Every structure is written in structure tokens, then in C-alpha cells.
Amino acid sequence: MHDDEAQRRVDRIHAFQEELTALEREQVLVLDQPQRARLAAHHGELLRSLAAAFDVDVTGAQKQLSWGMRIVAFLGAAAMSAAVWFLFYKYWGRLGTPVQVAILVTAPLLALAGVELAARREQTGYFATIAALVAFACFVLDLGMLGRIFAITPSQHAFLAWGAFAALLAYGYGLRLLLVAAILSLMGWLTATVGTFGGCYWLSAGERPEHFILAGLAVFAAGFLPHPRREQRTFPATYRLFGLLAVLVAILVMANWGETSVLPLAPRTVEHLYQVGGFAASALAIWAGIRRRWLGTTNLGATFFAIFLYTKLYDWWWEWMARWLFFLVVGLVAVLLLLVMKRLRTAARVTAP
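Residues numbered from 1 in each chain as written. Predicted model: local features only at pLDDT ≥ 70, side-chain atom pairs only at ≥ 80, totals over all residues. Heavy atoms only, no water.

A.B. asks: Requested: an account of the packing of helix α7 (residues 176-197) against helix α8 (residues 210-222), with residues and values cited.
C.D. replies: Running from amino to carboxyl end, α7 crosses α8 at an angle of 135°, the nearest separation of the two axes being 8 Å. In terms of orientation, α7 lies oblique with respect to α8. Our pair here, α7 against α8, has a crossing hand that is right-handed. Along its contact with α7, which presents Ile183, Met187, Leu190, Thr191, Val194 and Gly195, the element α8 presents His211, Phe212, Leu214, Ala215, Gly216, Ala218 and Val219. Along the lines of polarity and charge, the residues of the contact of α7 with α8 split into nine nonpolar, four polar and no charged. (Axes fitted to C-alpha atoms, helices over the stretch in contact; angles between N-to-C directions. Helix = DSSP H or I, 4+ residues; strand = E, 2+ residues; numbered from the N terminus. Parallel < 35°, antiparallel > 145°, perpendicular 65-115°, else oblique. Left-handed = near helix turned anticlockwise from the far one by under 90°. Contact = heavy atoms within 4.5 Å. Nonpolar A, V, L, I, M, F, W, Y, C, P; charged D, E, K, R; others polar.)

A.B. asks: Residue-level account of the packing of aromatic side chains, with values.
C.D. replies: Applying the stated criterion across every chain yields a total of ten aromatic pairs. Plain terms: the ring middles of Phe220 and Phe224 are 5.8 Å apart, the flat faces sit at 70° to each other, and that makes the pair edge-to-face. Summarising the aromatic geometry, the rings of Phe224 and Trp294 are spaced 5.8 Å apart at their centres and angled 65° between planes, so their arrangement reads as edge-to-face. With Phe224 in the loop between α8 and α9 (235-256) and Trp294 in the loop between α10 (267-292) and α11 (295-317), this residue pair connects regions lying 70 residues apart in the sequence. The class for Phe224 is partly exposed, based on a relative accessible area of 46%. The exposure class of Trp294 is buried, given its relative accessible area of 12%. These aromatic residues form a ring-pair network of at least three members: Phe279, Phe304, Phe305 and Phe308. Positioned over the ring face of Trp294 is Arg240, at 4.1 Å from the centre of the ring. (Phe/Tyr/Trp six-rings, centres within 6.5 Å; stacked < 30°, edge-to-face > 60°. Buried < 20%, exposed > 50% of the residue type's maximum accessible area, 1.4 Å probe, protein only. Lys NZ or Arg CZ within 6 Å of the ring centre and 35° of its normal.)

A.B. asks: Explain the environment of Leu241 to me, and be specific about the residues and the numbers.
C.D. replies: Relative to the helices and strands, Leu241 resides in helix α9. On a C-alpha basis, the gap between Leu241 and Phe136 in space is 22 Å, while along the polypeptide they are 105 residues apart. Setting aside residues no more than four positions away along its own chain, Leu241 makes contact with Gly296 and Leu300.

A.B. asks: Describe unusual backbone geometry, with residues and values.
C.D. replies: Despite not being glycine, Gln27 has its phi angle at roughly 60°, a positive value. For Gln27, the position within the fold is in the loop between α1 (3-25) and α2 (33-53). By relative accessible area, which is 62% here, Gln27 ends up exposed. If you check the backbone angles, Arg293 has positive phi at about 60° while not being a glycine. Residue position: Arg293 is located in the loop between α10 and α11. We classify Arg293 as exposed; its relative accessible area is 72%.

Here you go:
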């Protein structure tokens with residue numbers, strides 16, 4: 001069991017208690033006093049054990065505070081990273097080369113020590129996340145500065161080093177925010193590397209969105225790798241979400257700007273192919289998400305299916321249709337989609353075990 005599973009167990013306990021209260025009020029099921037005492041004692045002990053072993057919220061107020069703590073932790077990590085970045089640049093020119101190299105070597109090591117200390121002293125991971133993002137910022141800054149000092153030719157392999165460092169932090173301490181940094185860095189490296197194989201300069205690889213499709217598929221496939229450790233159980237969903245996001249965004253760009261394609265086809269033909277592919281990919285994501293119970297995949301697929309649909313409606317009707325009529329048709333299409341989704345939801349509820 002990991003933190004998310006423990007939180008779901010806590011939520012089920014609270015939902016059961018509320019439903020039991022409603023059943024007793026309706027005189028459907030009434031427990032005698034010894035039964036209620038045993039049940040309350042069991043739930044109380046279970047909640048205490050889950051709270052001691054996992055980072056869970058056992059009350060509504062705790063859950064609201066947890067969301068606030070996540071936001072504050074992210075903003076704090078971003079602010080600390082920016083402070084390190086600007087501090088380096090403010091005083092960098094006043095230091096000699098040996099001092100610069102010594103600072104560049106020791107800064108990430110000190111930040112890593114801070115990560116270890118925070119992880120040992122505080123189980124929720126908020127302070128470890130702040131220290132880990134600072135360490136990642138120091139590492140990114142170090143590679144850039146060392147490259148300038150020793151006149152190293154820039155290349156896309158810096159993304160690989162950044163991604164590897166972030167992945168080590170993410171897997172070592174179970175930090176999902178660092179996993180996101182690793183995924184983005186590795187996708188940047190894959191995209192630039194594929195672009196160089198096609199003959200373009202690595203900094204220009206982003207001008208070919210199709211390269212992101214390959215990188216996104218690779219990241220999505222990583223979501224099927226086993227993650228046996230408790231703190232890593234949520235990592236596959238993160239891989240799937242960001243991999244699918246990269247694929248669908250790239251398809252959306254290609255569906256509207258076919259002239260950036262590497263395919264030897266006319267731009268309009270490329271756009272039509274990717275428009276069809278966008279509908280197919282988003283529908284497949286919805287189907288796979290429902291079948292495998294991947295909530296993030298289902299929501300992302302539904303979002304992009306709507307985006308592709310409304311983009312096509314704009315292409316077909318915006319130029320010649322009256323504005324009021326266009327938005328009326330879009331609203332009616334939204335109503336039709338809601339009816340279809342409602343039928344699918346009803347069918348899923350009927351066939352559920």
C-alpha cells in the first residue's frame with residue numbers, strides 16, 4: 001500500500017460512516033450499542049495506524065490544508081531555485097575560475113545533503129521536494145556554467161544529464177515533481193536527438209512537432225514498467241499522463257500547421273491525416289482509460305477529443321456562418337456530447353461488477 005491507496009481507504013471509511021448514519025436514520029439498518037462500539041474502535045485504530053504509517057488526511061480540514069501545502073511547496077521550491085540562479089549571476093563575474101569551479105561542484109552536493117536531511121526528518125516530502133528542486137536547479141546551472149568556463153560546445157546531451165539527475169532524485173526519494181522534471185528533460189533530449197538524426201540542428205528540433213510524438217510514445221510506454229516500491233506506485237500514471245499529453249499536443253499542432261511536417265506530402269493532406277489521427281488517438285485514450293481505470297488518461301483523452309472537434313467546427317463554419325449561429329451550433333454539439341457521454345456512463349454503471 002502507498003499513500004494514495006491509504007488515502008482512498010481513509011475516504012472509504014468516512015463514506016461508510018456517513019452511509020451507516022443515513023441507514024440508521026432511515027431505519028434500514030440499526031446496529032446495537034456493542035456493535036457500534038466495536039465498529040468505532042476498529043475504525044479509530046485503523047485511522048490512527050494509517051495516519052502513522054502514511055501521509056494521509058483523516059479530516060476534511062487536513063485535506064484542504066494538504067492542497068495548500070502542495071501549492072506552497074511548489075512555489076517555495078520555484079522561489080528558492082530562482083534565488084540560487086540570480087545569486088550565481090550577480091556575483092559570478094567577481095570570482096576567479098578555481099573558486100567558480102569549486103562552487104559549481106559543491107553547490108549540488110550541499111543541496112543533496114539537504115534533500116537527505118529533509119527526507120529523514122519529515123515524511124510528507126514537502127521540504128524534501130523544495131531541497132530536491134534546488135539541487136536540480138544547481139545541477140542545471142552547473143552544467144551551463146562549466147560549459148562556458150571550459151568552452152564546451154553545447155549539445156542536446158545536457159537534457160539527458162538533467163533528466164538522469166532528476167530521475168535519481170525522484171526514484172531515490174519518491175518525489176513526483178522531480179519525476180516531472182526528469183520526464184520533460186528526457187523528452188527534450190529524445191526530441192532533439194531524433195531531430196539530429198533527420199539532419200537538423202538540435203536547437204531547431206522543436207520546429208518539427210512530429211519528433212515530440214516519438215518522445216511522448218516512449219514516455220507513455222515507460223508507464224508500463226514495474227514500480228514495486230511504495231513511494232513509486234504513482235509514477236506510472238505520471239508517465240502515461242505526460243507522454244500522452246506530448247503526443248496529443250504534437251498531433252494538434254500538426255493538424256493545423258501541416259507545413260512543419262517531415263512527411264513528403266502536401267500541407268493540407270498532412271493536416272487532414274493528423275486531424276483524423278487526433279480523433280482516433282483521443283478516442284483510444286478514452287477507451288483505454290475507461291478499460292484500465294486510468295482516470296487521468298480518460299480525462300485527457302476527452303479534453304483533446306473536444307478540442308479536435310471544436311477546431312474542426314471552426315474550420316468548417318467560422319468563415320461563412322453568422323457568429324450567433326456558429327456559437328449556437330457549438331452549444332448544441334456540446335449538448336449532444338453530454339447526451340452521448342451520459343449514455344456511456346449509464347451503460348458503464350449497468351455493466352459494472
